[in-house]
Amino acid sequence: MNNREKSIDPASLKMIAKAYSENVEICWDRYEAQQPQCGFGELGTCCRNCLQGPCRINPFGEPKTGICGASADTIVARNLLRSVTGGAATHVDHAFEAVEILQMAAEGSVPYDIKDEVKLYAIAAQLGIDGDGKDKYALAKELTQVIFADFGPSGGETMKYLLAMAPAERVEAWRSLGILPKSPDQEIRRSLHESTMGVDADPVNLLLNTAKMGLVDCYSGLKLGTDIQDIVFGTPAPVKSEANLGVLERDKVNIVVHGHVPFLSEKIVEWARRLEPEAIAAGAAGIQLAGLCCTGNEVLMRQGVAPAGNYLSQELALISGATDLIVVDVQCIMPSLPQVASCYHTRVVTTHAIGKIPGAEHIPFEPETADEDAARIVRMGIEAFARRDKAKIDIPSDKSEIWGGFSVEAIVGALATLDADNPLKPLVDNIAAGNILGAVGIVGCNNTRFTQDKVIVGLAKELLRQNVLLVVTGCAAHALGKAGLMNPDGAKKYAGHGLSAVLTAVGEAAGLGGPLPPVLHMGSCVDNARIGDLLAALADYLGVAIKDLPAAASAPELNHEKALSIGTWAVDLGLLTHIGMAPNVLGSPLVTKVLTEDLESLVGGKFYVEPDPVQAAEVIVSHIKAKRAALGI
Ligand code: SF4
Ligand code: SF4
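Residues numbered from 1 in each chain as written. Chains lettered and ligands numbered in written order. Predicted model: local features only at pLDDT ≥ 70, side-chain atom pairs only at ≥ 80, totals over all residues. Heavy atoms only, no water.

A. Spotlight on the site of ligand 2. Lining the immediate surroundings of ligand 2 are His260, Cys293, Cys294, Tyr311, Cys332, Gly444, Cys445, Cys475, Cys525, Asn559, His560 and Lys562. Two domains each put at least three residues into the shell around ligand 2: domain 3 (245-392) and domain 4 (403-631). (Near = heavy atom within 4 Å. Domains from an automatic or database assignment.)

Following this line, the structure appears as structure tokens:
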């Protein structure tokens, strides 16, 4: 694998070359060391669910079953359910912590407040809680109790948050399939039980429960987490920043926040601002904060913190020699970071009780002591600045202007400048007129199997050229920001004529002084819920189901179990969901067929696998055109 195959990002390529010149091992070396990867694992036909195993099914001959008699279909379906459950569990755990913090904020026991009262009252009303005459803290306490009840004994009832937030048409579709979830904790427990040795051997039953786990992911994870974080930290509004490793600054203390949850990183932002004088006293020009992965997206969306890069850039931020401290919370954090950091002066700080890494310094983050914890970590970064090896510093100059902060509220707000009474009308009119062909959410990860960002950026350019509006989240958003598709110039350069005209009209009416970016950054992975909300609003306006909209989803370079659980929810919503590679299911023709064909007749959506971005764009555009034709537009 030569370096050109590793990334299309010039900053990454420079840092990869620097790593090799300094003999630092990075993820692409470990990827090569893993080749060839196990074919049984690739196909999903390896089972380690009991100590008689591992059992491996040979798709071309014998053995055809594991020792217990499990077939390839059973093993593949069980493995998939476990992966999707793992993905859902991360988001549910994240959202639960957010609800706990809201509860403590309402009680006044933590240094957080309620920043978006409007959203608090709106969410409470959707859950049937009367906010009249209640102050925001009393209402927030009541809201958290209603949400916590979802996590308790269900008594056979469906999750209340789902019933309150999901489109009624979808709820009925899911009810008819018997996949409406009860308590999320119960469902996660149940799916682990179901997929253990000697329980469920029926691949179709396992797949239906996998579809159910997609709903758990969204309505007890993505949607819940996003709503509560908006209440506590504020709902994002458009904000200008810059993206890529070039945001690191030679003369400043560089502190990089990484992971997924904003509870500590919001405080780091606050304390980095407050402790600037200490950094200056230490000889720095100030403190530069930068973000990686979805913690990076969270602090971009609400604070304008510059994103330094996505999943495959995390080691490269350290290779620059300019990162003084990297502080991490949970998910997508390479355990190699302390090893890479040991070649430089960089301090690696873990903060979460379930996210420790040998070789890192651990500062346990507690909401009650959030200020003290954040101040301590920022001061550790200032201290590290003094120990820099200047000879090892080489910051790539590459960075692009980006706009983030496009919550649904922000998008509707921008559209309202064209039609205050009926903000969705200009969007729908332009879709009907064909100026906007349709909309696609491009989301998800990087993956060493792909050239970093190549499929994401290639797909986005093809879709924009054909007037498809793009909303993005996660590491895909980083990729598109770095590549220059997330600023007004990107509209002129990449959007087709019709889309470009609409973006210009909306951007100018909204006072942005130019077009809206052609790629609207809606946030982190949990913020995929915002894409669901936007689609639900459009479907509601048109009086159709989400599955009938000229829309699709795509995770071009997926890697994490979370991408599978989010993708499962997208399919549940009724969306054609493109993925750049097949998950480990190809060892079961039955499972493969259900995921890529049969699900469409059940929920309206299905998975579509295609690694080539141009080919994928062609199929997605055909799908959008077919949906338009069915709507008579
Ligand atoms: S559960 Fe069955 S297939 Fe899996 S390891 Fe045990 S015996 Fe083998
Ligand atoms: S998009 Fe994927 S790789 Fe990136 S932070 Fe999210 S889960 Fe991790």
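B. Structural context of unusual backbone geometry. In this model, Gln35 is joined to Pro36 through a cis peptide bond whose omega is -5°. Looking at where Pro36 falls in the secondary structure, it is placed in the loop between α2 (27-33) and α3 (39-43). A cis amide bond links Gly53 with the next residue in sequence, Pro54, at an omega value of 5°. The residue Gln331 is not glycine, and still its phi comes out positive at about 75°. Examined against the element boundaries, Gln331 turns out to sit in the loop between β7 (325-328) and α15 (337-341). Positive phi outside glycine occurs at Asn467, with the angle close to 65°. Mapped onto the elements, Asn467 comes out in the loop between α19 (454-465) and β12 (468-473). (Helix = DSSP H or I, 4+ residues; strand = E, 2+ residues; numbered from the N terminus.)

C. Layout of the side chain of Ser7. Along the polypeptide, Ser7 turns up in the segment before α1 (10-21). Within the local environment of Ser7, its side chain forms a polar contact with the side chain of Gln452, the two groups lying 2.7 Å apart. Apart from residues lying up to four places away in sequence, Ser7 is in contact with Ser12, Leu13, Thr451 and Gln452. (Polar contact = N/O pair within 3.5 Å; in protein donor to acceptor, adjacent residues only side chain to side chain. Contact = heavy atoms within 4.5 Å.)

D. Representation of the packing of helix α5 (residues 117-126) against helix α10 (residues 203-233). Closest axis-to-axis distance for the α5/α10 pair is 7 Å, and the angle between their directions is 145°. Both α5 and α10 take part in a crossing whose hand is left-handed. Of the residues in α10, those in contact with Lys119, Leu120 and Ile123 of α5 are Asp227, Asp230 and Ile231. Tallied by class, the residues present in the contact of α5 with α10 amount to three nonpolar, no polar and three charged. (Axes fitted to C-alpha atoms, helices over the stretch in contact; angles between N-to-C directions. Left-handed = near helix turned anticlockwise from the far one by under 90°. Nonpolar A, V, L, I, M, F, W, Y, C, P; charged D, E, K, R; others polar.)

E. Molecular detail of the sheet that holds strand β5 (residues 287-292). Spatial ordering of the open sheet is given by β6-β5-β4-β7-β8-β9, a layout of six strands whose pairing is parallel. Looking at which strands have only one partner, the edges of the open sheet turn out to be β6 (306-309) and β9 (361-362). Pairing analysis gives four bridges linking strand β4 (residues 253-259) to β7, with the strands arranged parallel. When the bridges of β7 are listed, His258 appears paired with Val328. Running at roughly 165° to β5, helix α11 (residues 262-274) makes contact with β4, β5 and β7 of the sheet. (Pairing = 2+ DSSP bridges.)

F. Representation of the environment of Val257. Tracing the backbone shows Val257 in strand β4. The class for Val257 is buried, based on a relative accessible area of 4%. Considering only alpha carbons, one finds Val257 and Ala308, 51 residues apart in sequence, at a separation of 9.5 Å. Excluding residues that lie within four positions of it along the chain, Val257 makes contacts with Ser265, Ile268, Ala290, Gly291, Leu292, Thr295, Gly296, Val299 and Val327. (Buried < 20%, exposed > 50% of the residue type's maximum accessible area, 1.4 Å probe, protein only.)

G. Local environment of helix α6 (residues 136-151). With 16 residues, α6 ought to run about 22 Å at 1.5 Å a step, and its terminal C-alpha atoms sit 23 Å apart, in line with that. By the burial criterion, the buried members of α6 are Lys136, Leu139, Ala140, Leu143, Thr144, Ile147, Phe148, Asp150 and Phe151. Buried residues along α6 sit in contact with α4 (72-107), α5, α7 (160-165), α9 (184-194) and α10. Capping of α6 at its N-terminal end is provided by Asp135; its side-chain oxygen lies 3.0 Å from the backbone amide nitrogen of Tyr137. (Expected span 1.5 Å × (residues − 1).)

H. View of the environment of Gly156. Among the structural elements, Gly156 can be located in the loop between α6 and α7. Sequence separation between Gly156 and Lys182 is 26 residues; the distance between their C-alpha atoms is 6.5 Å.

I. View of the domain arrangement of the chain. Each domain of the chain was delimited in the assignment, giving domain 1 (3-56), domain 2 (72-233), domain 3 (245-392) and domain 4 (403-631). Averaged C-alpha coordinates put domain 1 and domain 4 at centres separated by 29 Å. Across the boundary between the two partners, domain 1 contributes 16 residues, which contact 14 residues of domain 4. Taken together, both faces of the contact between domain 1 and domain 4 bury some 1,100 Å²; the carbon and sulfur share is 52%. Where domain 1 meets domain 4, there are two salt bridges. The residue Lys482 makes a salt bridge to Asp9 at a minimum N-O spacing of 3.0 Å. Counting residues per element, the ones that place at least two in the side of domain 1 that touches domain 4 are α2 and α3. Residues of the side of domain 1 that touches domain 4, tallied by class, amount to five nonpolar, six polar and five charged. (Buried area = accessible area lost by both parts, 1.4 Å probe. Salt bridge = Lys/Arg side-chain N within 4 Å of Asp/Glu carboxyl O.)

J. Structural view of the pattern of salt bridges. The final tally for this structure, using the stated rule, is 39 salt bridges. Here Lys134 makes a salt bridge to Glu142, at a shortest N to O gap of 2.9 Å. With a shortest N-O distance of 3.7 Å, Asp548 and Lys547 are connected by a salt bridge.

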